[in-house]
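# Chain and residue survey
So you can see what is in the structure, the chains are spelled out below.
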Amino acid sequence: MGGLLIINADDWGADQSTTEAIWRCFDAGAVTSVSAMAFMAGSEPAAALAVERAVPAGLHINLTEPFTGTSVHAATRLRQAQIAEYFGGPKWRRWGLSPAWFTTIEQAIDEQFKEFRRLYGREPSHVDGHEHIHQSLGVLAARTIPAGVNMRPSFTYLPGEKSWLNRSVRGLLNRTLRARFRAPRYFFSIRDMHPALGGVALEEKLALSGGSAVEVMTHPEWDDEREILLGPSWLELIGQRGLGSYEQLAALQPRVGRMRRTLSMARYGKRT
């Protein structure tokens, strides 16, 4: 059975140092995909590098931080600052659906899609959110995100890592997400799986990519993650897998759908 392991680096284009750290890891083969930010200080040079070096890039929707780019239109900058202030309030705002903000959020997402297309000359390979804001109901329902695009799901946790309620809520969120978008079967943070970062079940989680699509989220701008990503043991571990990007997800998805029930029962059914 074929599978897919996507090692994705978030925050591509946030600033020069972040892009340089991610590029080092991509160039070494430690990551296979990036999530790019629009209207940020490093967005334009990061896009130029990605286009030149054929870096698979998705859109990292940002609704939680002000834009730092120097050539952002005043109205766009002001709208972003207002949205970031709203989402910086009580936590429930990040996950709910506010009718008063819905159109504004749609406009902000539309502008970021258009800026990505301008910079990269194509559609994003996938969509996710800065600080996971794409999981907000207000974002999932946004009509300015095309139906059927590749989108990052909510985190996968093995039994024992999180409570049954936590895993059930995430499962419900993922069912909602998959009703409109295409997503990998499993999604982990490298911090939740690598023992040097306090994670567990590193090899077990990577092994899931043998028969399904798995994304591992990384942040190479963080020193401890970059050290692991550039180390020989990480490269050896992922070198045994079917590495790729979200660009390969569509071809795999029909097989993933047929395997989903069997794989879930084998991996999780007896432990829940």
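Structure: above.
Now for a description of the structure that goes with this document. (Residues numbered from 1 in each chain as written. Predicted model: local features only at pLDDT ≥ 70, side-chain atom pairs only at ≥ 80, totals over all residues. Heavy atoms only, no water.)

### Observations regarding the overall build of the protein chain
This is how the line gets drawn: Helix and strand assignments follow DSSP, with helices taken as H or I runs no shorter than four residues and strands as E runs no shorter than two, numbered in order from the N terminus. With C-alpha atoms as the basis for the radius of gyration, the globule rule is written as 2.2 Å multiplied by the number of residues raised to the power 0.38. Think of it in three bands: with a 1.4 Å probe and only protein chains considered, a residue is buried below 20% of the maximum accessible area for its type, exposed above 50%, and partly exposed in between. Any two residues whose heavy atoms approach within 4.5 Å are treated as being in contact. Charged-residue counts in this description rest on Lys and Arg as positive and Asp and Glu as negative, His and the chain ends being excluded. All charge positions are set by atom: Lys at NZ, Arg at CZ, Asp at CG, Glu at CD.
Looking only at helices and strands, one finds 11 helices and 7 strands in the protein chain. Since a compact globule built from 272 residues should have a radius of gyration of about 19 Å, the 18 Å found for the protein chain is in line with a globular shape. With respect to the principal axes defined by its C-alpha atoms, the protein chain has extents near 55 × 40 × 35 Å. The burial tally for the protein chain puts 53% of its 272 residues in the buried class. Look at the contacts in the protein chain between residues 6 or more apart in sequence, and 76% of them connect residues 24 or more apart. Counting 32 positive and 28 negative side-chain charges, the protein chain places the centres of these two groups 11 Å from one another.

### Points about the pattern of salt bridges
Let me state the cut-off plainly: Any carboxyl oxygen of Asp or Glu within 4 Å of a side-chain nitrogen of Lys or Arg constitutes a salt bridge here.
A full pass over the atoms with the stated rule returns 15 salt bridges. The closest approach of N and O atoms between R118 and E44, which form a salt bridge, is 3.1 Å. With R118 in helix α5 (residues 99–120) and E44 in helix α2 (residues 43–53), this residue pair connects regions lying 74 residues apart in the sequence. Taking the relative accessible area as the measure of exposure, E44 reaches 40% and is therefore partly exposed. One salt bridge connects R53 with E52, and the closest N-O pair in it is separated by 3.6 Å. Ionic contacts of the salt-bridge type, sharing partners, join the residues D10, D128, R152 and E215 into one network.

### Some points on the environment of Q240
Among the secondary structure elements, Q240 is positioned in the loop between α10 (232–239) and β7 (243–244). Remark: the alpha-carbon pair of Q240 and T18, spanning 222 residues in sequence, is separated by 27 Å.

### A short note on the packing of aromatic side chains
For clarity, the threshold we go by: Classification of ring pairs uses Phe, Tyr and Trp, with its six-membered ring standing for Trp, and accepts pairs whose centres are within 6.5 Å; under 30 degrees between planes counts as stacked, over 60 as edge-to-face, and the remaining range as tilted. Each ring is checked for a lysine NZ or an arginine CZ that lies within 6 Å of its centre and within 35 degrees of its normal; such an atom marks a charge sitting over the ring.
As enumerated under the stated definition, the model contains 8 aromatic pairs in all. Look at F116 and Y120: their rings are 4.2 Å apart centre to centre, the planes differ by 10°, and that puts the pair in the stacked class. One end of the pair is F116 and the other is Y120, both in helix α5 and 4 residues apart, which spans about a single turn. Under the relative-accessibility criterion, Y120 is labelled buried at 8%. Within the aromatic cluster, the residues linked to one another by ring pairs are Y86, F87 and W101. The lysine or arginine in question, R185, covers the ring of Y186, its NZ or CZ lying 4.7 Å from the ring centre.

### Digging into helix α1 (residues 16–27)
Stated formally: Multiplying one less than the number of residues by 1.5 Å gives the expected span of a helix.
Over its 12 residues, α1 extends 16 Å from the first C-alpha to the last, a length consistent with the 16 Å expected when each residue adds 1.5 Å. Within the sequence span of α1, burial applies to T18, T19, A21, I22, W23, C25 and F26. Where α1 is buried, its residues touch β1 (4–12), β2 (33–36), α2 and α9 (223–229). Just past α1, the residue G29 takes up positive phi, approximately 85°.

### Some points on the pairing of strand β6 (residues 213–218)
The condition is simple: Strands qualify as paired when DSSP identifies two bridges or more between them.
In terms of burial, β6 is largely enclosed, as 6 of its 6 residues are buried. Residue alternation in β6 divides its side chains into two sets, A213, E215 and M217 and V214, V216 and T218, and both sets are buried. As paired elements, β1 and β6 share 6 bridges and run parallel to each other. From the neighbouring strand, I6 faces β6, where its bridge partner is E215.

### Considerations on the environment of I22
Inspection of the secondary structure assignment puts I22 in helix α1. Along the primary structure I22 and D10 are separated by 12 residues, whereas in three dimensions their C-alpha atoms are 8.4 Å apart. Setting aside residues no more than four positions away along its own chain, I22 makes contact with A9, D10, D11, W12, V31, V34 and P220.

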